[in-house]
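Coordinate analysis (summary)
One-letter residues, chain by chain:
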Amino acid sequence: MGLRQRLPPARRGAEAGNRTRYMAYAVETIGLTKTFSDGWGRRKVLAVDNLNLRVNTNEVFGLLGPNGSGKTTTIKILLGLLHPTKGQALLLGGQGSDPAINKRIGFCPEESYLYKYLNPRETLDFYGRLFGLPRRVRRDRIETLLEMVGLTAVASRQVGTFSKGMARRIGLAQALINDPDLLILDEPTTGLDPIGTRQIKDLIKTLARRGKTILLCSHLLADVEDVCDRISILYGGRVQAEGRVQELLEQADKRQFTTGPISEAAMDEIKAIVAREKVECSISSPRERLETFFVRTVAAARRQALPTSGAVSTTEIGGFLAAQDRSDLLDGLVRGGMEGGRGEDAPEGPKVEPAPATPRDDSVLDKLTHASETVSTRPDADLQESSETSESAEQDGAARELPQRDVLDRLVDRNPSSEGVTKVSDPDPKKGEAGDA
Amino acid sequence: MHRVLAIASNTLKQAVRMKLALVFSLLLLILLPVMAFGVTGDGTLKGRLQTFVSYGIALVSLLLSLLTIFAAIHTTTSDITQRQVYTVLTKPIRRWEFLLGKFLGILTLNSVLLVLFGGIIYGVVMAAPRFYRDPVHHLPVSPAEAKELHDQFYTARARVLARPIVVTDEEIQAKYDRLHNNQMLDQFFPGASVRKLKERLRGIILSQKSSVIVGGQRLWEFDNIRPQDPNEDIFVRFKLDVATTPPDEQIYAKWAAGDFRRVRRGEETLLFERDLKHPIRTFRELALPSEVIADDGYLGVLFYNRPQLNQTVVMFSDGQRNKAADEHSFSILYRAGTFTGNYLRGLLVLFFRLFFLTALAIWAATFLSFPVAVLLALVLFCTVSISGFILESFTYMGKGLQQIYGGTIELVIQALPQFDKYSPANYLVDGRLIDWAMVNWASWTLIWAMLLMGLALAVFHYKELARDTS
């Protein structure tokens, strides 16, 4: 078992793949149909109707649709929680109920259905044990994941006391404990604040870059648009539209210029050039994305509040309040950013763009993936285990500072060099971003 | 296996942290001392110990049974309705491993609590004689009392029933002929068939033979009495029932015990004889020296209904030939094991009960919601707990009903493991040996438990888990 876990993910995938027939797609449904009836066989509801989905390996695929369009039902059938009425549903070329397939899958359901009496660390440990991960690998991965979802400070509190957003983060962490090849996320951003949403989207992109496949199910269109390569829109259990996000949304007959502040004269000149091409031309200031604006505003507000809370935090009550703050990820994130950015100017200008995930994020994931190797080669591993409590206390402190500052660095982009740079891009903002990455 | 253990330990955590186990344990911890110090029984230490053990074991058994039913059903149904199964069963775990983990978790909880509370009761019982002071004179246990405790409570005694009463066809025929000749048959039993008549006559002869008229006597013969220690007394256990209650509610008896085969042949033999008086309608024990047993394990016991002192027929309950009456039959008891060994076997019986109940509860939880599953499990638990009573009640039913129930429910109840067949409390109170025949019952219980778990696994395997959101 231990040896198996130490294999790199690619080889593990190949090994499990040998056991299955063949694997053309990461997710595939063939004529999938599901009808629900009441106990007496009457009043049939057609939830999924002859659905043919094909998600390629290493693709971020979005399953869209209004409530009751069959998204979640499809996912439940894929995972073996429901039986198809007709047709087939395949995950990584096999059945969703096959443990060999389950080993390579991560699933985060629409709500976090957690054991209320466990704390985050125990929760993740429990799920880790279901994968047969050795104790040390589990311990290492759990700390990494808790750090990643920002719950290290509350890792010993019962999950039952958590807010929806915090529970959601554990739900996400449990889906990643096995470093899955295929991640299935059902409404991953519900209940999360914008910063948490942003983190999840960055995570999805990072995972995709690392060769993972992600099946995303959502009706929050902004989220889907930002991260998905391909989407499928369901209605009444049928696919209404399917294709690459870029192709579906691109207005091929239009072009958009983005420039720095330019003079009226220059604008007139451009208009004249465009007029010669005999097409229409309109000029306006581009709008900032609300998400970017939000993150920046919250960061600024926190900075102003900081001196007050700093003064209070010297008293006993302040210490308690500070602890409360720590439990709130949003606050923690933003404060971390402020401490990092203290003394610098607030980011200005319309050119604030969501930055792609930094390499540091990769290092966290690398740690997750190769946790076993890291542990086995660490000479002082035994020593660490014996002083686990003091160590984790230290980690608590460290986690509050480091990763959160890192996240905010990414979220509030302070890159002055973008000023004055002129870019030519398609109207789809995603394209420009992809170019950056 | 590590997956099963992960589920099991999580189940255990759930029971502990949801305070279910805690509440049950507190209840026991409050109620046990109440019984230890509050219940006096007949005032003697032996009486107190008997009530304590009887109530204590019964209470532990009942509370742990209820705990099992609630905890096992809750842990299974809540995972389905609160949808933890969505994340758990999409991990590389098979559904049977999940259910088996639940089973093991609950069983572990039960075992720990059983050992804990069984240990507490055992400790109290074993320490009692050393700390006991009688409430009136504050004296410690007297040597006579200590001997009685040693012989009748701190022991595990085997039980031997007397040779059954034989009613021959000739006897029935003779009686039939006599009544027939006197033209009395139609008078007493009008319109009955010959077969029915003979059946009733057999009953009449049987009760005649099992009771003793004033001035009459009755001999019980026993075989295979082999006490471990020839220096220890053996005991005759009996209950005296009477046709009319004497004013002092006592019966004056003359007892004789020895090798009555030699007496019949006119040979000399050692006879034990005593004149005693006994209260009626309660179980009594008469101590006999074990020298009176013949070398081949034979013993005859004679009861003489003394004519000057008694005015009533004395009846013994070994005339009826059914299982329920066996418990009350005239019998010989002798030490065949230690109290501790017996106590452990008693706890083992309780363990098998809980094993069965865990399987029953999980089976019910796989296809029913929490309240319905609890109801079903409780009904079945009550049924197996009083199966003897239910089965007996069938015999009093009208003909039509009996035919309907006899073929269905009666068969099911007879097939189920009957908890009241081996009630450890009853055995321990009488200091009676829980013999290894219990193993038969235990294996039958285990087979049932496995059958139920098998059914549960089958149901759960094909269940659409995302469907049940009630």
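This text goes with the structure placed above it.
The paragraphs below set out a description of the structure included in this document. Since this is a predicted model, take the numbers as computed values, not measurements. Numbering of residues begins from 1 in every chain and follows the order in which that chain's sequence is written. Labels follow written order: the first chain is A, the first ligand is 1, and so on. Whole-chain, interface and lining totals are the exception, using all residues; otherwise, since this is a predicted model, local features are given only for residues with pLDDT of at least 70 and side-chain atom pairs are given and counted only at 80 or more. The basis for the side-chain values is all heavy atoms of the structure; hydrogens and waters are excluded.

Residues and elements named next belong to chain B. Here we have three strands laid out as an open sheet, ordered S2-S10-S5, and antiparallel in their pairing. If you trace the sheet from one side to the other, it starts and ends with strand S2 (211–212) and strand S5 (241–242), each paired once. Here a strand pair is declared whenever DSSP counts at least two bridges between the two strands. Segments assigned H or I by DSSP are reported as helices when at least four residues long, segments assigned E as strands when at least two residues long, and all are numbered from the N terminus. With two bridges connecting them, S2 and strand S10 (residues 314–315) associate as antiparallel partners. Its bridge partner lying in S10, Ser211 is registered against Met315.

All right, on to the nonpolar core then. Here, nonpolar core refers to any group of buried Ala, Val, Leu, Ile, Met, Phe, Trp, Tyr and Cys residues whose side-chain atoms link them within 4.5 Å. Only protein chains enter the area calculation, which uses a 1.4 Å probe; residues under 20% of their type maximum are buried, those over 50% are exposed, and those in between are partly exposed. In terms of nonpolar packing, the biggest core is built from 160 residues, with Leu91(A), Ile184(A), Phe98(B) and Val125(B) touching the most fellow members. For this core, the element with the highest residue contribution is helix H12 (residues 339–367) of chain B, accounting for 17 residues. Filtering out sequence-adjacent residues up to four positions away, Ile184(A) remains in contact with Ile75(A), Leu79(A), Leu91(A), Ile105(A), Gly106(A), Phe107(A), Cys108(A) and Leu215(A). Ranked by size, the runner-up nonpolar core spans 32 residues in total, among them Ala158(B), Phe222(B), Phe316(B) and Leu433(B). We call two residues in contact whenever any of their non-hydrogen atoms come within 4.5 Å of each other.

Further remarks concern the packing of aromatic side chains. All names here are of chain B. Aromatic contacts are taken between Phe, Tyr and Trp rings whose centres are within 6.5 Å, Trp giving its six-membered ring; a plane angle under 30 degrees counts as stacked, one over 60 as edge-to-face, and the others as tilted. Counting across every chain of the model gives 28 aromatic pairs over all chains. Both rings, one in Tyr122 and one in Phe339, keep their centres 6.4 Å apart while their planes meet at 10°; by these two values the pair is stacked. Residue Tyr122 is located in helix H5 (residues 95–131), and its partner Phe339 is located in helix H12; the two are separated by 217 residues in the primary sequence. Phe339 sits in the buried class, given a relative accessible area of 4%. By the ring-pair criterion, three or more aromatic residues cluster together here, those being Trp220, Phe222, Phe238, Trp255, Phe303, Phe316 and Phe330. By definition, being over a ring means that NZ of Lys or CZ of Arg is both within 6 Å of the ring centre and within 35 degrees of the ring normal. Stacked on the ring of Tyr176, the Lys or Arg Lys198 has its end atom at 5.5 Å from the ring centre.

Here we take up unusual backbone geometry. One non-glycine residue with positive phi stands out, namely Asn50(A), at about 50°. Tracing the backbone through its elements, the reader meets Asn50(A) in strand S2 (residues 45–51). Asn50(A) gets classed as partly exposed once you look at its relative accessible area, which sits at 47%. In this structure, Arg281(B) takes a positive phi of about 60° despite not being glycine.

A separate point is the interface of chain A and chain B. Each side of the interface is counted separately: chain A has 30 residues, and chain B has 33 residues. When two parts are brought into contact, each loses some accessible area as probed by a 1.4 Å sphere; the total of that loss over both is the buried area. Of the roughly 3,100 Å² buried between chain A and chain B, counting both surfaces, carbon and sulfur atoms make up 57%. Salt bridges are identified by distance alone: a Lys or Arg side-chain nitrogen within 4 Å of an Asp or Glu carboxyl oxygen. Linking chain A to chain B there are two salt bridges. One salt bridge in this structure joins Lys34(A) and Glu464(B), with 2.5 Å as the shortest N-O distance. Distance and chemistry together define a polar contact, namely a pair of N or O atoms within 3.5 Å, with one atom able to donate a hydrogen and the other to accept it when in protein, and with adjacent residues in sequence counting only for side-chain atoms on both sides. Linking chain A to chain B there are 18 residue pairs in polar contact (both at pLDDT 80 or more). Of all the secondary structure elements, the ones that give two or more residues to the side of chain A that touches chain B are strand S1 (27–36), helix H4 (99–102) and helix H5 (120–130) of chain A. Residues are grouped as follows: nonpolar covers Ala, Val, Leu, Ile, Met, Phe, Trp, Tyr, Cys and Pro; charged covers Asp, Glu, Lys and Arg; every other residue, Gly included, is treated as polar. Here the residues of the side of chain A that touches chain B sort into 16 nonpolar, seven polar and seven charged.

Burial analysis of strand S7 (residues 182–186) of chain A places five of its five residues in the buried class, the great majority of the element. Orienting the strands away from the viewer, one traces the path from the first strand over the helix to the second; a clockwise path indicates a right-handed crossover. Taking the sense of rotation as the criterion, the β-α-β connection linking S7(A), helix H8 (residues 194–209) of chain A and strand S8 (residues 213–218) of chain A turns out right-handed.

On to the packing of H5(A) against helix H6 (residues 135–149) of chain A, then. Residues and elements named next belong to chain A. Two numbers describe how H5 lies on H6: the axes approach to 10 Å, and their chain directions differ by 130°. Taken together, the axes of H5 and H6 lie oblique to each other. Of the two elements, H5 crosses H6, and the hand of that crossing is right-handed. Mapping the contact onto sequence places Pro120, Arg121, Leu124, Asp125, Gly128 and Arg129 in H5 and Arg138, Ile142, Glu143, Leu145 and Leu146 in H6. Axis lines are fitted to C-alpha atoms, over the contacting stretch for helices. Their N-to-C directions set the angle, which ranges from 0 to 180 degrees. When an angle is under 35 degrees it counts as roughly parallel; over 145 it counts as roughly antiparallel; between 65 and 115 it counts as roughly perpendicular; any other value is oblique. Left-handed describes a crossing whose near helix is turned anticlockwise from the far helix through less than a right angle; right-handed describes the clockwise counterpart.

We now examine the sheet that holds strand S1 (residues 156–161) of chain B. Residues and elements named next belong to chain B. A sheet is described by the order of its strands in space; here four strands give the open sequence S1-S11-S4-S8, paired in antiparallel fashion. In this open sheet, the two strands that pair with only one neighbour each are S1 and strand S8 (283–288). Direction aside, neighbouring strands of the sheet carry axes that sit 35° apart on average.

What follows is about helix H7 (residues 164–176) of chain A. Residues and elements named next belong to chain A. An expected span of 1.5 Å times one less than the residue number is assigned to each helix. Taking 1.5 Å as the rise per residue, H7 with 13 residues should run 18 Å; its terminal C-alpha atoms sit 19 Å apart, in good agreement. When you tally the buried positions in H7, you get twelve out of 13 residues, the bulk of the element. Residues of H7 that are buried include every one of Gly165, Met166, Ala167, Arg168, Arg169, Ile170, Gly171, Leu172, Ala173, Gln174, Ala175 and Leu176, and no others.

Attention now moves to the packing of H5(A) against H7(A). Residues and elements named next belong to chain A. Close contact between H5 and H7 brings their axes to 9 Å; oriented N to C, the two are set at 30°. In this view, H5 runs roughly parallel relative to H7, as classed from their interaxial angle. Between H5 and H7 lies a crossing whose hand is right-handed. Residues Pro120, Thr123, Leu124 and Tyr127 of H5 touch H7, and the partners they reach there are Ile170, Ala173 and Gln174.

Take the pattern of salt bridges next. Residue and element names in this part refer to chain A. Taken as a whole and assessed by the stated rule, the structure comprises 36 salt bridges over all chains. Here Arg54 makes a salt bridge to Glu28, at a shortest N to O gap of 3.6 Å. Placement of the pair is Arg54 in strand S3 (residues 54–55) and Glu28 in strand S1, with a sequence separation of 26 residues. The partner of Asp223 in a salt bridge is Lys201, and the shortest N-O contact between them spans 3.7 Å. Taken together, the positions of Asp223 in helix H9 (residues 221–227) and Lys201 in helix H8 put the pair 22 residues apart, joining distant regions of the chain.

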